[in-house]
Amino acid sequence: MERQERPPILLQLLLWLVALLQIFPLVWLVNFSFLKSGEFFGSEILKWPKTFEFANYVNAFTYGSVPKYLVNSFMITAVTIVVAAVFSLMMGYAFTRMEWKLRGLALGLVMLGMIVPIHATLLPNFTLFNNIGLLDHPLSLMLPYIAFSLPISTLIMTGFLETVPRSIEESAVMDGCGVFGLLTRIIFPITKPAIATICIMNFISWWNEFIMANTFLTSDRFKTLPFSIMKFAGQYSSNYGAQFAVMTMIALPTLIIYLLFTEQMARGITAGAVKG
Amino acid sequence: MHKLMSNRWTITWLVAPGLTLFLFMVCFPILMSVYYGTTNWTGLGEYQSVGFANYQKVLFDDPIFWRSLWNALLLLLATLLLQHPVAILFAILITRAGRLEKTFRTIFFIPAVISIVVTSKMWVSVFHPSYGVLNKVLEQLGLASLKQDWLGDPSVAIWSLIFVIMWQGFGYALLLYYAGLQGIPKDLYEAAELDGAGKVTLYTRVVVPLLSPMIRVAVIIAVTTCLKQMETVFLMTNGGPGSTTQFLGNYLYKTAFSSSLYGYGNAISVIFVIICLIITVIMNRALKKDVGQF
């Protein structure tokens, strides 16, 4: 079984065919992002551009406020994934190592968060943020993003920590190490793979998040990258080329991250699913 | 060690930040919803308590609410009867693809990582009656009679939407089953071959039954994601035409923010959470048995 046999040609063809069908709309998107808007109405399915319309990308950048939204997205996502990782490490440690009476109850409560749909919190959180003056503030996204990251992140973390032998920690405690020292000097380095998985998964979900951003951000100041596309819904809606260009640009960062960290993501998703 | 690990103060600083934030952002809002659900608040100004009238109306006198649930059920059926069997088949095929195994796994998952805003708007363009690629493809294939307004026709729109959601989720289902296949020991395949099982028998009688724990997990995930479907709907049809493509998340949003029935929207919200809880409990009970042994 070790020697990899060459797959039958028919199987290869079938897989290539379905794979291409699967990503065909994306290919079409990238292709048409290089066309003039007038060329969209031809009968061709894919079309080699006469001249590559890089102007589309320039327009997308300017009309779509891409640089500004990119910075907002980056800032909000970065804070979210860092804080979520730290909190889930702390909670994961408390849930697997510490001995306390309410442990089961607290863990169950956090896991309940995987069942609660985020959409059910949209209305009350809107009122809540409105009352405490957080509406249209980056925190109105960071706080719920972190909160909704915690169930799955904590789950992955506890699952990972359960496989880590306790003997290292025990000997460190013998040498006079406290819990804070254990976490920063021993547990953090050991759990790096789990932390990487958590960060990548949270990056993908929150970088792409739209509904909460659409609800809690009312002015242009803190809007995130998906809003670049929405800008083309009104004023520039007939500029199809730029619209396709902006979609391509927004799809790229996540695609690159995914291609770089395919294995960690696959591990995270399956680990999260199986434990849940 | 025990003393250190049961120190209350340590436990508090480890758990409190995360747990407080979680309670404040997830649990507390639901309680707020329960309260606002009993009012006739429009979102602005004064409001009165109306008791459980909103909840009653949602459950007994709201065809759109039931339509939304019905659509979630349609989506679920399509997912379980089409997407999952195809995903299992392709997960198996991929494991036999040799050195291309990783390439295909990567490609199939790509749609799942791209922002829903991008994919939704992209599909709106694909379905577009005048420049959309779908109608062009049909024309080139000589199937011009099948051309239509994919998102504008009330009887077709829901299926277009279901197709897009299944397209985006396909890689996810595939990945789960692929991981499940990895967990099946290699010598089982050899043993089955030694016993003279053909390829088809091997997969239908040995491999798929052994996948059942993973199928169970995937089904539970499918049920909740179908119920929680919102972004794609919001961005592609916003529930229209009419309410034919409405889903609960989008419906409560529209009720509160477009129709200014904030109190009523909260009532839908609460019932939504309760439905999710009940279904999760039922699913976990019903699917707990028959774990494969090997």
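Small disclaimer: the values here were computed from a predicted structure and weren't measured.

## Section: unusual backbone geometry
Residues and elements named next belong to chain B. For the bond from G240 to P241, the omega torsion is -5°, close enough to zero to count as cis. Locating P241 in the fold gives a position in the loop between helix 12 (231–236) and helix 13 (248–257). At N238, a position not held by glycine, the phi torsion is positive, near 50°. Along the chain, N238 falls in the loop between helix 12 and helix 13. Of the residues examined, N238 reaches a relative accessible area of 29% and is grouped as partly exposed. Non-glycine residue S260 carries a positive phi angle of around 55°. Among the structural elements, S260 can be located in the loop between helix 13 and helix 14 (262–286).

## A word on empty space enclosed by the protein
Across all of its chains, the model carries two cavities of 30 Å³ or more by this definition. By volume, the largest cavity amounts to about 50 Å³. Along the walls of the largest cavity sit S73, I76, T77, L141, Y145, W206, W207, E209 and T224 of chain A, which together make up its complete lining. Where the lining of the largest cavity is concerned, the elements lending two or more residues are helix 3 (66–96), helix 6 (139–162) and helix 9 (192–207) of chain A. The greatest single-element share of the lining of the largest cavity, amounting to three residues, is contributed by helix 3 of chain A. One number sums up the size of the second largest cavity: a volume of about 40 Å³. Together, Y258, T262, M265 and A266 of chain A together with R105, T106, F109 and L175 of chain B line the second largest cavity. Only helix 13 (262–275) of chain A together with helix 5 (101–113) of chain B provide two or more residues apiece to the lining of the second largest cavity. When the residues that make up the lining of the second largest cavity are grouped by side-chain class, the tally is five nonpolar, two polar and one charged.

## Here's the deal with the UniProt feature "transmembrane region" (unreviewed entry) in chain A
Residue and element names in this part refer to chain A. In the numbering adopted here, UniProt assigns the feature "transmembrane region" (unreviewed entry) to residues 9–30, 74–95, 102–122, 142–161, 182–207 and 240–261. The span residues 74–95 is 100% helical and 0% strand by assignment, and the distance between its end C-alpha atoms comes to 31 Å. Counting secondary structure, residues 182–207 comes out at 96% helix and 0% strand; the distance between its end C-alpha atoms is 32 Å.

## Observations regarding the environment of F108 of chain B
Looking at the element boundaries, F108 of chain B is found in helix 5. In this structure F108 of chain B comes out as buried when scored by relative accessible area, which is 0%. Residues F108 of chain B and G171 of chain B, 63 residues apart in the sequence, show an inter-C-alpha distance of 5.0 Å. In this view, F108 of chain B contacts L15, V18, A19 and Q22 of chain A together with F90, I94, F170, G171 and L174 of chain B; residues no more than four positions away in its chain are not counted.

## Comments concerning helix 9 of chain A
Here helix 9 of chain A spans 22 Å end to end across 16 residues, near enough to the 22 Å set by a 1.5 Å rise per residue. Within helix 9 of chain A, burial applies to A194, I195, T197, I198, I200, M201, N202, F203, I204, W206 and W207 of chain A.

## Considering the pattern of salt bridges
Two side chains of opposite charge can pair, provided their charged atoms sit close to one another. All names here are of chain A. Applying the stated criterion across every chain yields a total of five salt bridges over all chains. Ionic pairing is found between E53 and K36, a salt bridge with its closest N-O pair at 3.3 Å. With E53 in the loop between helix 1 (9–32) and helix 2 (54–63) and K36 in the loop between helix 1 and helix 2, this pair connects stretches of sequence that are 17 residues apart. Notably, a salt bridge pairs K68 with D220, separated by 3.0 Å at the nearest N-O pair. In this pair, K68 is assigned in helix 3 and D220 in the loop between helix 10 (211–216) and helix 11 (226–231), connecting sequence segments 152 residues apart.

## Some thoughts on the UniProt feature "domain: ABC transmembrane type-1" (unreviewed entry) in chain B
Using the residue numbers shown here, the UniProt feature "domain: ABC transmembrane type-1" (unreviewed entry) corresponds to residues 69–283 of chain B. For residues 69–283 of chain B, helix accounts for 76% and strand for 0%, while the C-alpha atoms at its two ends are 17 Å apart.

## Examining the packing of helix 8 (residues 154–182) of chain B against helix 11 (residues 212–227) of chain B
Residue and element names in this part refer to chain B. Running from amino to carboxyl end, helix 8 crosses helix 11 at an angle of 160°, the nearest separation of the two axes being 9 Å. Viewed along their axes, helix 8 and helix 11 adopt a mutual orientation that is roughly antiparallel. Note that helix 8 runs across helix 11; the crossing there is right-handed. Residue-level contacts link Y172, L176, Y177, A179 and G180 of helix 8 to M214, I215, A218 and I221 of helix 11. Residues belonging to the contact of helix 8 with helix 11 are distributed by class as follows: eight nonpolar, one polar and no charged.

The rules we used
- Residues numbered from 1 in each chain as written.
- Chains lettered and ligands numbered in written order.
- Predicted model: local features only at pLDDT ≥ 70, side-chain atom pairs only at ≥ 80, totals over all residues.
- Heavy atoms only, no water.
- Helix = DSSP H or I, 4+ residues; strand = E, 2+ residues; numbered from the N terminus.
- Buried < 20%, exposed > 50% of the residue type's maximum accessible area, 1.4 Å probe, protein only.
- 1 Å grid on protein atoms, 1.4 Å probe; cavity = no way out; pocket = protein on both sides within 12 Å on 5 of 7 lines; lining within 4 Å.
- Points joined across faces, edges and corners; volume = space filled by probe spheres on them.
- Nonpolar A, V, L, I, M, F, W, Y, C, P; charged D, E, K, R; others polar.
- UniProt positions renumbered as here; feature names shortened; annotations may be inferred.
- Contact = heavy atoms within 4.5 Å.
- Expected span 1.5 Å × (residues − 1).
- Salt bridge = Lys/Arg side-chain N within 4 Å of Asp/Glu carboxyl O.
- Axes fitted to C-alpha atoms, helices over the stretch in contact; angles between N-to-C directions.
- Parallel < 35°, antiparallel > 145°, perpendicular 65-115°, else oblique.
- Left-handed = near helix turned anticlockwise from the far one by under 90°.

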